[in-house]
Amino acid sequence: MNNQASEKEKIRVRFAPSPTGYIHVGNARTALFNWLFARQNNGIFVLRVEDTDLERSREEYERNLIQDLRWLGLDWDEGPDIGGPYGPYRQSERLELYHKYAHQLLQEGKAYYCFCSQEELEREREAALAEGRMPVYSGKCRNIPLKDAEKRRSCGEPAAIRLKVPEEGIVAFYDLVRGHVEFDLKIIGDPIIVRSNGMPAYNYAVVIDDALMHITHVIRGEDHVSNTPRQILLYQAFGWPTPIFAHLSMVMGKDNTRLSKRHGATSVDQFRREGILAEALCNYLSFLGWSPPEGQEVLTLQQLVKLFDLNRVSRSAAIFDYEKLHWLNRQHIKKLSPEEKLNLALPYLEEAGLVSSPATEEQKTWLKKAVEILLEGVDKFSELPKKFELLFDFNPENLDQEAKEIIASSSARLVIKTFYQKIANLSEFNYETFARITGEIKKETGIKGRDLYHPLRVVLTARGSGLELDKFIPLLEEGARLQFPRRIIGCLERVKMMVSFLNL
Ligand code: GLU
């Protein structure tokens, strides 16, 4: 008995995506908030696939969304892939249920068949708009007796099913995010619950499912606020308790328009491919409309489970800030072990043709060091191959402006020339050699500091800025001894190439 009671009280939430495209950050945030709320309350997180839009739904998108949710680390307790006590969890497999309950409403006189054609409805709509009235269904078929309607149906006349809604009154609900919300029934009209092609309307299927799946809290995007009164009317028609609603504000770009491709990556899949860590993305998504009580910033999923508070979610629009996401990503990258960093980096380096797959153990040992050093200041893993150019690309003919300016002075040319003379006969080079030789140049020429080191950096890297040389030289020398698809040119050879290019 006790068990049953606690089972009944258990918090049950759901994420109900339509598999019509890649999962957008707005939806991912909805999934995350549901998941956090379920996990912190020892509740149940249900994944339900809303695929009744036959034209736009695709299996491929369902596969992707399952993969994206898994990647984010959001696991579900019931869903189309794992089943559960209230399945099936794919709407296209629940059509019988929708028909059964629609039939019940028809029998009880709470719903009716509507024979109006698309054209007729469109004409009514246009007329209403022209007269400045809300385009609400006129209720023309409302009073057709069920018997007559069934006769017409059995003769093959197509009909939708509409819910009978009181003509006057208010539907109100308390939204955990938005507070008191109410709608005047005058603007609602009798909504279609089953279309003439037999498919359930979203507002109807969602109620049947949420009720039969014992969903206690409906946490979803604000774009569904205006659907909520229609859904509440259905709960009322069935005499079912309504769940608690929480509508999350929309995710906007910095220019206050809805986040779209124009702003940058918007799908979870894109962020993953760019090399944003799942944990960093969840960390950032949690800040879209919520913030931790003490302003903490870098948080793991487990910490979020502890801190998240649905009651503190803000109703103002959430602005997506890519810079903040990148900053968080850098913080989460820092927490990874060298092995983890290497494993995440390898696909990007392979794709850029810098490393062939599989890399040898020797290469991996070196790559691990290189990744560790070059990841510094990198926002996302996809930027890493560009950073590796410092090691793989050396072309005296391609100096950047800064480098050209550094070596233009006569003192810079003197430094380079002297350096070359001192290394010309060496067969090995390392940082100690470099330090010794620069010491000698300093003594002999009196040139020191930036005037000494900057020209040498240009000689060794063909760039005006980059890594500190005490990190760069050992890394380059070690890399130059390994075989990569593109050869790494060692220091001595670089100096020779540069001197000959500069005609010194
Ligand atoms: N399938 C709907 C959507 O993706 C779900 C809405 C809801 O959560 O009720 O927008």
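Throughout what follows, the structure given in this document is the object of discussion. Since we're looking at a predicted model, the values are computed, not measured.

Looking now at the overall build of the chain. Looking only at helices and strands, the chain features 21 helices and 11 strands. Here the C-alpha atoms of the chain give a radius of gyration of 32 Å, more than 25% beyond the 23 Å that 2.2 N^0.38 yields for 504 residues. Principal-axis analysis of the C-alpha atoms places the extent of the chain at approximately 110 × 60 × 40 Å. Across the 504 residues that make up the chain, the buried fraction comes to 49%. By sequence separation, contacts in the chain at least 24 residues apart represent 73% of the contacts at least 6 residues apart. Taking the 68 positively charged and 71 negatively charged side chains of the chain as two groups, their mean positions are separated by 2 Å.

This next bit is on the sheet that holds strand β4 (residues 160-163). Through backbone hydrogen bonds, the strands of a sheet pair up, either in parallel or in antiparallel fashion. Overall, antiparallel pairing links the 3 strands, which are arranged β3-β4-β7 in an open sheet. If you trace the sheet from one side to the other, it starts and ends with β3 (111-114) and β7 (192-194), each paired once. Going from strand to strand, the sheet's axes swing by 45° on average, the running direction of each strand aside. The pairing of β4 with β7 spans 2 bridges and is classified as antiparallel. Following the sheet pairing, I161 is matched in β7 by V194.

Here we come to the site of the ligand. Taken together, R14, A16, P17, S18, E50, Y202, V206, R220 and H224 are the residues near the ligand. Separating a nitrogen atom of the ligand from a side-chain N or O atom of S18 is a distance of 2.9 Å. In the model, an oxygen atom of the ligand is placed 2.8 Å from a nitrogen or oxygen of the H224 side chain. Starting from 290 Å² of accessible surface for the ligand in isolation, the protein chains cover 84%.

Given two aromatic rings, their pairing is described by the distance between the two centres and the angle made by the two planes. For the coordinates displayed, the defined rule picks out 22 aromatic pairs. When the ring of F173 is compared with that of F245, the centres are 5.6 Å apart and the planes differ by 65°; the resulting orientation is edge-to-face. On the criterion of sequence distance, the pair formed by F173 in strand β5 (residues 170-175) and F245 in strand β9 (residues 244-248) is long-range, its members being 72 residues apart. Here F173 matches F245 in class, with each residue buried. On the numbers, 5.3 Å between centres and 45° between planes, the contact of W366 with F484 is tilted. Of the two residues, W366 is situated in helix α14 (residues 361-374) and F484 in the loop between α20 (469-480) and α21 (491-502); the sequence distance between them amounts to 118 residues.

Checked against the element boundaries, R153 lands in helix α6 (residues 146-154). For R153, a relative accessible area of 34% translates into the label partly exposed. Those residues within four positions of R153 in sequence are excluded, and the remaining contacts are Y113, F115, P158 and A159.

The next thing to look at is the nonpolar core. Core analysis: the largest hydrophobic core is formed by 61 residues, its most contacted members being W366, L367, F388 and L391. No other element matches α21, which puts 6 residues into this core. Beyond its immediate sequence surroundings of up to four residues, L391 is in contact with W366, A370, L374, F472, L475, L476, I488 and R494. If you look at the next biggest cluster of nonpolar residues, it comprises 50 residues, including L32, W76, L248 and F287.

A few words now on the pattern of salt bridges. Throughout the structure, instances matching the rule amount to 40 salt bridges. Of the charged contacts, one joins E157 and R152 as a salt bridge, the two residues approaching to 2.8 Å between their closest N and O atoms. For E157, a relative accessible area of 29% gives the class partly exposed. The salt bridge involving K422 is made with E440; its shortest N-O contact spans 2.9 Å. Taken together, the residues span a long stretch of sequence, with K422 in helix α17 (residues 410-423) and E440 in helix α18 (residues 431-445) at a distance of 18 residues. According to the relative accessible area criterion, K422 is partly exposed, its value standing at 24%. Residues joined by salt bridges that share partners form a network here, namely R14, R48, E50, R94, D209 and D210.

The subject of this paragraph is the side chain of Q363. Along the chain, the position of Q363 falls in helix α14. There is a polar contact of 2.5 Å between the side chain of Q363 and the backbone oxygen of Q483. The residues contacting Q363, other than those within four sequence positions of it, are L482, Q483 and F484.

Looking at the element boundaries, P85 is found in the loop between α3 (59-72) and α4 (95-107). Of the residues examined, P85 reaches a relative accessible area of 61% and is grouped as exposed. Sequence separation of P85 and P200 is 115 residues, and the distance between their C-alpha atoms is 22 Å.

This next bit is on α21. Compared with the 16 Å implied by 1.5 Å per residue over 12 residues, the 16 Å span of α21 between its first and last C-alpha is a close match. Where α21 is concerned, the buried positions are C491, L492, R494, V495, M498, V499 and L502. Take α21 and look down its axis: the buried residues cluster within an arc of 160°, on one side only. Those residues of α21 that are buried lie in contact with α15 (384-392), α17, α19 (450-461) and α20. At the exit of α21 stands N503, carrying a positive phi of roughly 60°.

Let's shift gears to unusual backbone geometry. The omega torsion across G87 and P88 is -5°, close enough to zero to call that bond cis. Mapped onto the secondary structure, P88 falls in the loop between α3 and α4. Note the cis peptide between S357 and P358, where omega equals -5°. Take P358: it is sitting in the loop between α13 (338-351) and α14. The phi angle at N42 is positive, at roughly 55°, despite the residue not being glycine. On the secondary structure map, N42 appears in the loop between α2 (25-40) and β2 (44-47). A relative accessible area of 63% places N42 in the exposed class.

Quick notes on the rules
- Residues numbered from 1 in each chain as written.
- Predicted model: local features only at pLDDT ≥ 70, side-chain atom pairs only at ≥ 80, totals over all residues.
- Heavy atoms only, no water.
- Helix = DSSP H or I, 4+ residues; strand = E, 2+ residues; numbered from the N terminus.
- Rg over C-alpha atoms; globule rule 2.2 N^0.38 Å.
- Buried < 20%, exposed > 50% of the residue type's maximum accessible area, 1.4 Å probe, protein only.
- Contact = heavy atoms within 4.5 Å.
- Lys, Arg positive; Asp, Glu negative; His and termini not counted.
- Charge placed at Lys NZ, Arg CZ, Asp CG, Glu CD.
- Pairing = 2+ DSSP bridges.
- Axes fitted to C-alpha atoms, helices over the stretch in contact; angles between N-to-C directions.
- Near = heavy atom within 4 Å.
- Polar contact = N/O pair within 3.5 Å; in protein donor to acceptor, adjacent residues only side chain to side chain.
- Areas by Shrake-Rupley, 256 points an atom, 1.4 Å probe, with all protein chains shown as cover.
- Phe/Tyr/Trp six-rings, centres within 6.5 Å; stacked < 30°, edge-to-face > 60°.
- Core = buried A, V, L, I, M, F, W, Y, C linked by side-chain atoms within 4.5 Å.
- Salt bridge = Lys/Arg side-chain N within 4 Å of Asp/Glu carboxyl O.
- Expected span 1.5 Å × (residues − 1).
- Arc of directions from axis to C-beta.

So far we have only geometry, and geometry alone does not tell us how the molecule works.
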